Amino acid sequence: MRTVFITGASSGIGAACAEVLASEKKYRLLLCARRLSKLTELQKRIQAQNPDCEVFCFELDVRDQSDIIQKLKNLPNDWKDIDILINNAGLSQGLDLIQNGDPDDWDRMIDTNVKGLLYVTKHTIPLMQESTHPHIINLGSIAGKEVYPSGNVYCATKHAVDALTKAMRIDLLEKGIKVTSIDPGMVETEFSEVRFKGDKERAKNVYNGLTPLSGKDIADIISFVLSRPAHVNINDLLVMPTAQASGTIVKRDT
Ligand code: NDP
Ligand code: 8X3
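Residues numbered from 1 in each chain as written. Chains lettered and ligands numbered in written order. Predicted model: local features only at pLDDT ≥ 70, side-chain atom pairs only at ≥ 80, totals over all residues.

(A) Inspection of helix H2 (residues 36–49) at higher detail. With 14 residues, H2 extends 20 Å from end C-alpha to end C-alpha; this agrees with the ideal 20 Å at 1.5 Å per step. Every buried residue belonging to H2 is among Leu39, Leu42 and Ile46, and all of these are buried. All buried residues of H2 lie within an arc of 60 degrees about the axis, which places them on one face of the element. Exposed and facing more than 90 degrees away from the buried side of H2 are Ser37, Lys44 and Ala48. Buried residues in H2 make contact with helix H1 (12–23), strand E2 (27–33) and strand E3 (55–59). (Helix = DSSP H or I, 4+ residues; strand = E, 2+ residues; numbered from the N terminus. Expected span 1.5 Å × (residues − 1). Buried ≥ 20, exposed ≤ 12 C-beta atoms within 10 Å, placed from the backbone. Arc of directions from axis to C-beta. Contact = placed C-beta atoms within 7 Å.)

(B) View of the sheet that holds strand E4 (residues 84–87). The 7 strands lie next to each other as E3-E2-E1-E4-E5-E6-E7, forming an open sheet whose pairing is parallel. The sheet is open, and its two borders are formed by E3 and strand E7 (236–239), each paired with just one other strand. Strand-to-strand, the axes of this sheet are offset by a mean angle of 15 degrees, without reference to chain direction. Across the sheet, helix H4 (residues 103–124) lies against strand E1 (2–7), E4 and strand E5 (135–139), angled at about 175 degrees from E4, the strand it touches most. (Pairing = 2+ DSSP bridges. Axes fitted to C-alpha atoms, helices over the stretch in contact; angles between N-to-C directions.)

(C) Seen up close, the environment of Phe191. If you trace the backbone, Phe191 turns up in helix H6 (residues 191–195). Note on Phe191: 21 C-beta atoms within 10 Å, which makes it buried. Sequence separation between Phe191 and Ile13 is 178 residues; the distance between their C-alpha atoms is 9.7 Å.

(D) Up close: the confidence of the model for the protein chain. Per-residue confidence for the protein chain gives a mean pLDDT of 98; residues scoring 70 or more make up 100%. Taken over the whole predicted complex, pTM reads 0.98, whereas the ipTM for its chain interfaces reads 0.99. (pLDDT = per-residue confidence, 0-100.)

(E) Spotlight on the nonpolar core. Val4, Ile6, Ala9, Cys17, Ala18, Leu29 and Leu31 are the most contacted members of the largest nonpolar core, which totals 53 residues. Among the elements that make up this core, the one with the highest residue count is H1 (7 residues). Aside from chain neighbours lying at most four places away, what touches Cys17 is Ile6, Ile86, Asn88, Ala219 and Ile222. Formed by 6 residues, the second largest nonpolar core is a distinct cluster that contains Ile142, Val153, Tyr154 and Cys155. (Core = buried A, V, L, I, M, F, W, Y, C linked by C-beta atoms within 7 Å.)

(F) Seen up close, the site of ligand 2. Taken together, Ser141, Ile142, Ala143, Gly151, Gly185, Met186 and Gly247 are the residues near ligand 2. Class assignment for the residues of the shell around ligand 2 results in 3 nonpolar, 4 polar and no charged. (Near = placed C-beta within 6 Å. Nonpolar A, V, L, I, M, F, W, Y, C, P; charged D, E, K, R; others polar.)

(G) How the structure looks around the site of ligand 1. Close contacts around ligand 1 come from 32 residues, with Gly8, Gly12, Arg34, Arg35 and Gly90 the closest. Counting residues per element, the ones that place at least two in the shell around ligand 1 are H1, H4 and H6. At 3 residues, the largest contribution of residues to the shell around ligand 1 is made by H1. In terms of residue class, the shell around ligand 1 is built from 13 nonpolar, 13 polar and 6 charged.

(H) Expanded view of the packing of helix H3 (residues 65–73) against H4. Between H3 and H4, the shortest axis-to-axis distance is 10 Å and the interhelical angle comes to 30 degrees. Of the possible angle classes, the one that applies to H3 and H4 is roughly parallel. The hand of the H3/H4 crossing is right-handed. Along its contact with H3, which presents Gln65, Ile68, Ile69 and Leu72, the element H4 presents Tyr119, Val120, His123 and Thr124. Per-class residue counts for the contact of H3 with H4 are 5 nonpolar, 3 polar and no charged. (Parallel < 35°, antiparallel > 145°, perpendicular 65-115°, else oblique. Left-handed = near helix turned anticlockwise from the far one by under 90°.)

Below, the structure is given as structure tokens:
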């Protein structure tokens, strides 16, 4: 059994990763997010389908470094060895021209997507030293490969994730830790609802007239990446819906 630690597992891609990996009966799941009630519901759902799957959930805001240190230190002893870290927690806030942007939105994105990912990684690496096949997977984005109108700070955070993935691959080479970036285009999750601060109608319109990716599509790819032999690492995977050619060029059925 390999222990996989998924950040932001309460929804979307993170929750789908937990469900897909649980169904494979090769993984134990260490899950965190701010909404513990959602994690508990997910745990119940997973264990109803896979009664033998071990799951441990805890509340964590990845922006809070001292809480990360404390929560990892206080893990039960049999959860202190981690094989795989999926740095998935992340969000976008607003979609505004840079001159109209809200600095509080900028702070939330930078603190979560960049600093949170760094803090979690730094404090998880010591827990990976006993692992025979350690692996870190970072959720980047098409927004880490291109910049689109009004995407400014979100795109900057995902470009930073892209750079950090490359940096981790170099710096962790000696430790034998694989590092992979998964970079999706449009995935229908809570992402757009969070970006548009609860405006469900606007969020729904993002996916109008096309078939977006689902969280499960990304989770299946992550499962494939994790199943490669020890000598094979997939560095970077850009994954788009067929109807999406770039950050902003999409084909919609009207
Ligand atoms: P969701 O909004 O559905 O899920 C985001 C997850 O991140 C939630 O579980 C949320 O949990 C968690 N999260 C957010 N902030 C924090 C925080 N401060 N501390 C801990 N957990 C946090 O979106 P997705 O599943 O789509 O997003 C997952 C990742 O995929 C993100 O990094 C996103 O940038 C990336 N991505 C998404 C794409 C898309 O089109 N959906 C495309 C490309 C990349 P909670 O609120 O409970 O804390
Ligand atoms: C999320 C995908 O295109 O909204 O990273 O930036 S996009």
